[in-house]
Amino acid sequence: MPTENIDFLDPRDFIIIKNARVNNLKNLSVAIPRNCLVVVTGLSGSGKSSLAFDTLFAEGQRMYVESLSSYARQFLGRMEKPEVDYIRGVSPAIAIEQKANTRNPRSTVGTTTEIYDYLKLLFARIGATISPVSNREVTRDTVTSMVDFIMSLNPGSKVIIYAKLHPRQKRSVDQELRILMSKGFTRVGYKGEVTLIEDLLSKHSPGKDIKDLLVLIDRVSVQKDDEELRFRISDSIQTAFFEGQGDCAVETVSDRKLHHFSDRFELDGITFEEPSVNLFSFNNPYGACKNCEGFGKVLGIDEDLVIPDKSLSIYEGSVVPWRSEIMHEWVEPLIRNASKFNFPIHRPVNQLTKEQYRLLWKGNQYFKGIDDFFSYIESKTHKIQYRVMLSRYRGRTTCPECMGTRLRKDANYVKVNGVSISEVVLMPVSKCLEFFNNIQLSEYDLKVSKRILTEIVNRLTYLDKVGLGYLTLNRLTSTLSGGEYQRIKLATSLGSSLVGSMYILDEPSIGLHPRDTKRLVSVLKQLRDQGNTVIVVEHEEEVMRAADQILDIGPEAGTGGGQLIFQGTLDQMSESTGSYTAKYLKGSARIEIPLKRRKWRNSILIRGARENNLKNIDTRIPLDIMTVITGVSGSGKSTLIKKILYPALGKMLGIVSDISGKYDRIEGDFKHITQIEFVDQNPIGKSSRSNPVTYLKAFDHIRKLFADQSMAVHRGYKPSYFSFNVDGGRCEMCQGEGTIKVEMQFMADIYLTCENCNGTRYRIEILEITYKGKNISEILEMTVDESMDFFTEEHSIITRLKPLQDVGLGYIRLGQSSNSLSGGEAQRVKLASFLGKGGSDTNERILFIFDEPTTGLHFHDISKLLKSFNALIGEGHSIVVIEHNVEVIKNADWVIDLGPEGGDEFGGNVVFEGTPEDMVKNAKGYTAKFLKSKLK
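Described below are features of the structure shown in this document. (Residues numbered from 1 in each chain as written. Predicted model: local features only at pLDDT ≥ 70, side-chain atom pairs only at ≥ 80, totals over all residues. Heavy atoms only, no water.)

### Notes on the overall build of the protein
Right, on to step 1. Counting its secondary structure elements, the protein contains 34 helices and 33 strands.
Right, on to step 2. Over its C-alpha atoms, taken along the principal directions, the protein stretches across nearly 125 × 80 × 65 Å.
Right, on to step 3. Burial status across the protein gives 52% buried among its 936 residues.
Right, on to step 4. With an accessible surface of roughly 43,400 Å², the protein has 48% of that area assigned to carbon and sulfur atoms.
Right, on to step 5. The averaged location of the 118 negative side-chain charges in the protein is 3 Å from the averaged location of its 121 positive side-chain charges. (Helix = DSSP H or I, 4+ residues; strand = E, 2+ residues; numbered from the N terminus. Buried < 20%, exposed > 50% of the residue type's maximum accessible area, 1.4 Å probe, protein only. Areas by Shrake-Rupley, 256 points an atom, 1.4 Å probe, with all protein chains shown as cover. Lys, Arg positive; Asp, Glu negative; His and termini not counted. Charge placed at Lys NZ, Arg CZ, Asp CG, Glu CD.)

Okay, here's the thing in structure tokens:
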């Protein structure tokens, strides 16, 4: 779209941005067509997020807040106006970012997508309460239902309406009968016969036979279409319910059959709670399990701490607390009497049947189980040694009362189509969708629930479409990856069916296997077809090819970026624009395949991994090479590496205290590594003062360099005087921030440049100290690339800044706040910090784990990342990468593919282990299919 005529375009057809100057954008002007799928791409740091989020979304949010009343605005976040001449045609903006921004232990996939709200309503409205005793439906009899029963009998049928006798206020039966007479009642049913109360009192003493006493309320003969009779029966039944305290009976005289009725919600001697929305809410005290208060977990005895190595048998000492001489007396009766009840004491615990494993914990007449053992220990906790022992085996365990469902037990008595709400939320989304698509309901229930079912099926369909069919609705939101969380928010937005909105997504393909990308594209197109403008910041080739328009920002990153170098379709894209995107998509540039794969000798073997959906697998992680763990979303990659390998190995090295997932044991050459590092995408510092140059310790050398200048020596300035974090040389008015915040009522806070230091952060006399004509403030404003040329003579500084350039971060400023770095940039700063230590300790052997390091990376940046990985391996370290990107997989020395599908049913198996070439030859799994085209 030509930008020179941008002022004359119609805002009803375009979203128009004129001269955006946010961050590194260089007066960028663009007209984005409405109701299109637009992909914003370019190198990392070129200005994509600055355009999409910091400019477009920020203005959409600000305009919305400004439209509210001044009273409402005081409760909302105050928003700054982006630095731009104007933005026209902005629609209501919805941003879906990568961050899983909730750590709420009660938040689940079901509650986040609002599906659980509809499920609660469905079960409250049409759920049938089934008695656990007789498996019959619990119902409450009403006056209407009883009248209908009597009127449905054959005309002329004689019936007797009784009330059950319940003595009140501890009165005797005789006293109760006399009171009934005073009320006008004359007859009772006693042992199958109608008897006058007077005769009963004079001839018999009912005594304990009160169960046989029924008070006769009325006798009628059934006549069809008799309205007066219907009213009479109705009154009699109301009287019977009142006198019988909710119990009454109807006898058909012809067959002398007695039909019992109750207006209480009970059956089999159990009084049930009537279904209501709150009964199914674990966030409400009424519905939450009383034991765990709706969390599903309690502090109890952790089975995996008691029996950590399940490949051992009872005889070999698998039960850790029974190994000591004092406690060995607990296991002796089991070993001695095992033959009497066929218990296999020489069989590994993981091969015991469910009944045998349960017997080990519960015990029998021959021996006391593990539960009895810990009950004994708890009874001795007045002694310190027993308290210490107990604490050693405690952990967060599944609540024994609700079995992790979080709901009170009787909530699961309510069923729809024979299934309880807990069973529904424990199904994978794909199975759940299948259940609701095939649900069988009565005509009445279908009318009541039609709208609810539509909403549930719609939301489940969208979740399945965005590649999350393997998740359960009970899955905690806090355990989701950034990509999974973003796709859940996307599915929720689709479910709300908004139109005329502007959706801005930040790399929705993160964490998505290439197999599922087409499904994601179809969802984005559906969002567009509903009448929305969908703007996606993305590097994924498949998404770019599906876009109606591509906006390429660049040409370089940082100060070399911030310009619109191309706008149009993929076919219109030309390499002549200098676009790196065009070069890689057109094939003139590519990430090369390694000339040879590294061989390995040492490895770490994980045995019996069975956390989440892992199917008790054994897998070998090679050392001294680059290993890539791949597989479709939900196949078990993160579980294997983040929940088992990292914490388990970290505990052995004494540097990690996280709770590890379930596995039997770790074998192999773990002594070959001295340290384990998990390089994630969390910010490098929690403070706005944190920046790359301080994180890499380069600032220490820069400050020392300035302190060594002759003027600084003469004035007695120490290196600390050149720090903006401590008293001494910093400006005290702004405390080294460079800006002063001015709070504005009902408007965004304004950050004004500090008048005392003019934004330099330092006192004037400190700025008089220069090196090569630049003061310390000007040094912090330089990019890494500029500083590499500037500090050519300072080897100590160059060696610490060079890794930043090597990982593709040459465009960031030395003093750039860590808060302004993306997750991918923060991850690469951490990588650079390790590269900067290279060769400092030749004895150090680190196992690096990277979780999707290609997040936010362009093709051009991935090649730089791979060079950094090779540099680490060259220094004697090992790398494990969790990744879907085919460019990274093809560069791996060893690939472990999990799957073949996601979720509990079909995920969690090892599909393939070996080199990329062998993987393509075997053609196992989905990854091999996508890898084949890249190995040509």
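### Focus on the pattern of salt bridges
Right, on to step 1. This model, assessed by the stated rule, comprises 49 salt bridges.
Right, on to step 2. Linking E83 and R21 is a salt bridge whose minimum nitrogen-to-oxygen distance equals 3.8 Å. Here E83 is found in the loop between α2 (70–73) and β4 (84–88), whereas its partner R21 is found in the loop between β1 (14–20) and β2 (28–33), with 62 residues between them in sequence.
Right, on to step 3. With a relative accessible area of 28%, R21 lands in the partly exposed category.
Right, on to step 4. We note a salt bridge from D516 to R515, for which the minimum N-O separation is 3.1 Å.
Right, on to step 5. Assessed through its relative accessible area of 21%, R515 is described here as partly exposed.
Right, on to step 6. When salt bridges that share partners are traced, they join D464, R515, D516, R519 and E901 into one network. (Salt bridge = Lys/Arg side-chain N within 4 Å of Asp/Glu carboxyl O.)

### Some points on the sheet that holds strand β11 (residues 247–252)
Right, on to step 1. Here six strands make up an open sheet; going across it, the order is β9-β8-β10-β7-β11-β12 and the pairing antiparallel. On the outer flanks of this sheet lie β9 (193–196) and β12 (257–262), each paired with one strand and no other. The mean angle between the axes of side-by-side strands here comes to 35 degrees, regardless of whether they run parallel or antiparallel.
Right, on to step 2. Inspection of the sheet shows strand β7 (residues 158–164) paired to β11 by five bridges, in the antiparallel sense. For A163, the partnering residue across the bridge sits in β11 and is C248.
Right, on to step 3. The strands that helix α5 (residues 143–151) touches are β7, β11 and β12; relative to β11, the one it contacts most, it runs at about 5 degrees. (Pairing = 2+ DSSP bridges. Axes fitted to C-alpha atoms, helices over the stretch in contact; angles between N-to-C directions. Contact = heavy atoms within 4.5 Å.)

### Some words on the environment of S496
Right, on to step 1. Structurally, S496 can be placed in helix α17 (residues 482–496).
Right, on to step 2. A residue is classified by how much of its surface remains accessible, and S496, at 38% relative accessible area, is partly exposed.
Right, on to step 3. In the structure, S496 is positioned 255 residues away from F241 in sequence and 47 Å away in space, judged by C-alpha atoms.
Right, on to step 4. Ignoring anything within four residues of it in the chain, the contact list for S496 reads R459 and Y503.

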